[in-house]
Amino acid sequence: MRSRGSLLSLGDRYRIYVLFVAVFAFMSLLSPKFFTVYNFTTILNAITMNATVAIGFTVVMICGQLDLSIGTVITFAGVLTMGLQPYLGFAGSIAVAVLGGAIVGLVNGLLVTKTRINSFIVTLGTMTILQGSIYQFSGGNSISVTTDQVFAISDFLGKNLLPLITPRVLITIILVVAVEFILRRTRAGRDFYIVGGNRSTAWLAGINTDRTITAAFVLSGVTAAIGGVVSVLVSTAATLKLGENSLMYVISATIIGGTAMSGGKGGVLRSVAAIMTLEMLYTGIILFGLGNEVKIFFAGLILAYVVLYEAYAVYRHEKTLGQRPWLMKELAARQAAGAGKKR
Amino acid sequence: MRRLPFVVIAFALVAFALSPVFGQSLTAAQQANLKASLAVDTSVLKSADGQQLLAPSKDNRKVPARPADPNKLAETDPLHWYDMEWAGWNVTPTNTPKSPGDGAIGKKVIMIVHGDHPWTTACILGAKKVADMYKWNFKALSPNWDKVVQDQLIDQAINEKPDMILLIPLDAKAAVQQARKINAAGVPLHMFNTLPEAAALNYSLGWTGPDDFGQFRLLARAWSDELVKRNPGAGTIGVAYVQHAPGGSPYFARSFGPISELATYNPKIKTLVMASPTPATFDANTTMQLVSDWLTKYGKDLKGICASDDSAQSLGIFQALEKAGRTDVVVVAAGNSKQGMDLVKDGKLFAITYQTAEGDGALAAQTAADWFNGKGYPIRKNLAQHIITKADVEKFYPPQW
């Protein structure tokens, strides 16, 4: 039988799934029209962009780094996809957009690892440079393609293959499963955790820390680009503010999901579960007929919770640094056993 | 007698076949609802500034013929902007739903706006005034300036199966697919306020809102006259444009509208620079920095500024002008907020457009109500145009927002 402490610890470990079930049950029971196939399809479609972006972002955070450029990479990839389509066709423009995301990630990774500049500063710089490039490339205007081909692609991406599953959802699922598998089941995946947990120890253990961190940034660039590409294909237009709100959303969701900002802990599935939870909450609020102000209020509450929880986690980590609770338990047990023998 | 059943059946069949000609048959309750709906008089409604909420437009300009390829024309040619300024006049409506014609009272209508702003609050209030007259189940949703969220709200609105969606498209180009989607779901759509690309109106019942291009053409003429008055004998008069957020129709209408108008009305006026304040388009401080840079660069050559917003942007412009000790610059803006009207009253802003926020929402709602009542549906309907100057600004107090 588990003790109260271990149950609490278990609850804390899986808190995002507990939260997910709680929000799902609450909204399904009380929010009108929430528990419908159409609504769940809408929610799943709605999260695809941010969920795809969160995949790479989570890996960067597991490495103990931050990637602030994800929002602009989304827009950058979207603008390239639509802007280059008349010259390269969709296959070519999508390839260039994803490659562009990878290059941005590579530059971020190399700058962080080789120049030892904090990732916050590096990616803030990349974000600003990219913003300027986007405005330059687009002339300050949205870019759209209104051919029958793009409408057909858009319709296909939003069409149900199975109940709840559209191709755009499927793309996200495949990416989540693949990266989660790499993180959990491969040595390369475990290296991300070791590097994030303690970079010096990872280096001493023979892990190429620079390469691991750079790979995480490249993955982040690629997933952000894929998110942007799919989003513009669905909406048939690349707006210049496409990824503007994704950064804060994805950071919040990743932390709520249990990925530590200090690195070494977390998972892609958890981040996606957090995004799903937030989206269910926001959808429920709207279906309740409550206004945007209520949604903003809840978003603020969640952000406050995230900040407080992260501060508490750091405090707890520092307080217990160097302690070995299991060793203390073992010593206490031995002492108790020794006292019994003496009697 | 044997023939009687056949005669009755034949009569019934003929009546059934002819029923579409005479319109759909309504139940007694529907007929009563239609009668009650038609009796509703919304012309008595007033906006917060004391103006008639649904003032009719006096604009009687004729729609010009569309050039073969407007994009090939220079940006200073008014016809270059044909597909924005005259969007909707040449559309081929696709799969447009037919009016139920059973009366507007009791309908469920969802309004999806573009974002949170005092203007939007006033706009929703205006629509609500009409909605309340018709006892609508009315809901307004805001994506807070996020196009991705607006797409989600559209999905959620479709899920609720309303009688109509009223939409302010966040992005003119992205509006095409948004309209297609709503149309494909079988929900009647009416777009308003920001003009979508012409193709979007293929899937919408129509569009209502401010004639931004038309208003700014009027504003440009008033601005030009004042610039000439203040700079007699000047060979050229340099001006600048503080633009709206990129993407939407106001971004183009509020800069290229006056530019293309002045190209013929007063070619002496030269555009020195135009830009949208970044990263925050409607922020006084960001605008102040932008305009301060312009004043440094162009100095006394800069004689006029046209702003896309008469509140935060205009406040930023005057902060920059005061810092530079300039009182000679003629500033005009899109209006009409409290800050904007106060600036006009103080003699700082020379002129603003009368852009009724409440009237905008109300006109969309009223047009929808007319459709439910089986009345004809205009593909485009503009709000009344007016330019406010110090001479008549008092008439528009208290401000709507």
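Conventions used here
- Residues numbered from 1 in each chain as written.
- Chains lettered and ligands numbered in written order.
- Predicted model: local features only at pLDDT ≥ 70, side-chain atom pairs only at ≥ 80, totals over all residues.
- Helix = DSSP H or I, 4+ residues; strand = E, 2+ residues; numbered from the N terminus.
- Rg over C-alpha atoms; globule rule 2.2 N^0.38 Å.
- Buried ≥ 20, exposed ≤ 12 C-beta atoms within 10 Å, placed from the backbone.
- Pairing = 2+ DSSP bridges.
- Arc of directions from axis to C-beta.
- Contact = placed C-beta atoms within 7 Å.
- Nonpolar A, V, L, I, M, F, W, Y, C, P; charged D, E, K, R; others polar.
- Axes fitted to C-alpha atoms, helices over the stretch in contact; angles between N-to-C directions.
- Domains from an automatic or database assignment.
- Parallel < 35°, antiparallel > 145°, perpendicular 65-115°, else oblique.
- Left-handed = near helix turned anticlockwise from the far one by under 90°.

A. The overall build of chain A, seen in detail. The helix and strand tally for chain A stands at 14 helices and two strands. A globule of 343 residues ought to have a C-alpha radius of gyration of about 20 Å, and chain A, at 22 Å, matches this closely. Referenced to the eigenvectors of the C-alpha coordinate spread, the extents of chain A come out at roughly 90 × 55 × 35 Å. With 343 residues in all, chain A has 45% of them scored as buried.

B. The pairing of strand β9 (residues 330-333) of chain B, seen in detail. Residue and element names in this part refer to chain B. By the alternation rule, side chains of β9 split into V330 and V332 and V331 and A333, which are all buried. Looking at chain direction, strand β8 (residues 302-307) and β9 are connected through four bridges and run parallel. Note on β9: the bridge partner recorded for C306 is V332. Bridging between β9 and strand β10 (residues 349-353) involves three bridges; their strand directions are parallel. When the sheet's bridge partners are listed, A333 is paired in β10 with I352.

C. Region of interest: helix α2 (residues 28-38) of chain B. All names here are of chain B. Along α2, the residues that are buried comprise N33, L34 and S37. Angular distribution of buried residues about the axis of α2 spans 100°; they occupy a single face of the element. Exposed residues pointing more than 90 degrees away from the buried face of α2 are listed as A28 and K35.

D. Seen up close, the environment of B:D346. Residues and elements named next belong to chain B. In this structure, D346 sits in the loop between α11 (338-345) and β10. The exposed category is assigned to D346, around which 11 C-beta atoms lie within 10 Å. When the C-alpha atoms of D346 and G325 are compared, they prove to be 17 Å apart, with 21 residues separating the residues in sequence.

E. Representation of the interface of chain A and chain B. The interface is formed by 28 residues belonging to chain A together with 24 residues belonging to chain B. Only α3 (37-62), α6 (148-157), α10 (209-235) and α12 (268-287) of chain A provide two or more residues apiece to the side of chain A that touches chain B. If one sorts the elements of the side of chain A that touches chain B by residue count, α3(A) sits on top with six residues. Looking at the side of chain A that touches chain B residue by residue, the classes come out as eight nonpolar, 18 polar and two charged.

F. Fine view of α11(B). All names here are of chain B. Within α11, the full set of buried residues consists of Q339, G340, M341, L343 and V344. Structurally, α11 contributes buried residues whose contacts are with α10 (312-323), β9, β10 and β12 (387-389). Phi turns positive one or two residues past the end of α11, at G347, with a value near 80°.

G. How the structure looks around the sheet that holds strand β1 (residues 108-112) of chain B. All names here are of chain B. The parallel open sheet is built from six strands, whose spatial order is β2-β1-β3-β4-β5-β11. Looking at which strands have only one partner, the edges of the open sheet turn out to be β2 (137-141) and β11 (380-382). Between one strand axis and the next, the sheet turns by 15° as a mean value, whatever way the strands run. Of the strand pairs in this sheet, strand β3 (residues 164-167) and strand β4 (residues 189-192) are connected by three bridges, and their pairing is parallel. The residue bridging L167 from the neighbouring strand is M191, located in β4.

H. Highlighting unusual backbone geometry. Residues and elements named next belong to chain B. Between G335 and the following residue, N336, the backbone shows a cis peptide bond with an omega angle of 5°. Along the chain, N336 falls in the loop between β9 and α11. A cis amide bond links Y397 to the next residue, P398, at an omega of -5°. Residue position: P398 is located in the segment after β12. For W145, which is not glycine, the phi dihedral falls at a positive 65°.

I. Region of interest: the domain arrangement of chain B. Residues and elements named next belong to chain B. When cut into domains, chain B gives domain 1 (70-83 + 92-209 + 358-383) and domain 2 (213-353). The C-alpha-based centres of domain 1 and domain 2 are spaced at 30 Å. Taken together, the contact pairs 12 residues of domain 1 with 12 residues of domain 2. A per-class count over the side of domain 1 that touches domain 2 returns five nonpolar, four polar and three charged.

J. Quick look at the domain arrangement of chain A. Residues and elements named next belong to chain A. Partitioning chain A into structural domains gives domain 1 (36-290) and domain 2 (293-338). Taking only C-alpha atoms into account, the centre of domain 1 sits 29 Å from that of domain 2. At the interface, 11 residues of domain 1 touch nine residues of domain 2. Elements with a contribution of two residues or more to the side of domain 1 that touches domain 2: α11 (246-256) and α12. For the side of domain 1 that touches domain 2, the element with the most residues is α12, which contributes four residues.

K. Quick peek at the packing of helix α9 (residues 284-298) of chain B against α10(B). Residue and element names in this part refer to chain B. Between α9 and α10, the shortest axis-to-axis distance is 7 Å and the interhelical angle comes to 45°. By the angle class used here, α9 and α10 are oblique. Pair α9 / α10 crosses with right-handed handedness. Residues A284, N285, T286, T287, M288, V291, S292 and L295 of α9 form the contact with α10, whose own contacting residues are A312, Q313, L315, G316, I317, Q319, A320 and K323. The residue inventory of the contact of α9 with α10, partitioned by class, reads eight nonpolar, seven polar and one charged.

L. Spotlight on the sheet that holds strand β6 (residues 237-242) of chain B. Residue and element names in this part refer to chain B. What the six strands build is an open sheet, ordered β7-β6-β8-β9-β10-β12; its pairing is mixed. Here the strands that pair on one side only, and so sit at the sheet edges, are β7 (269-275) and β12. Along the sheet, successive strands turn relative to each other by an average axial angle of 20°, direction set aside. Strands β9, β10 and β12 of the sheet are contacted by α11, whose axis makes an angle of about 140° with β10.

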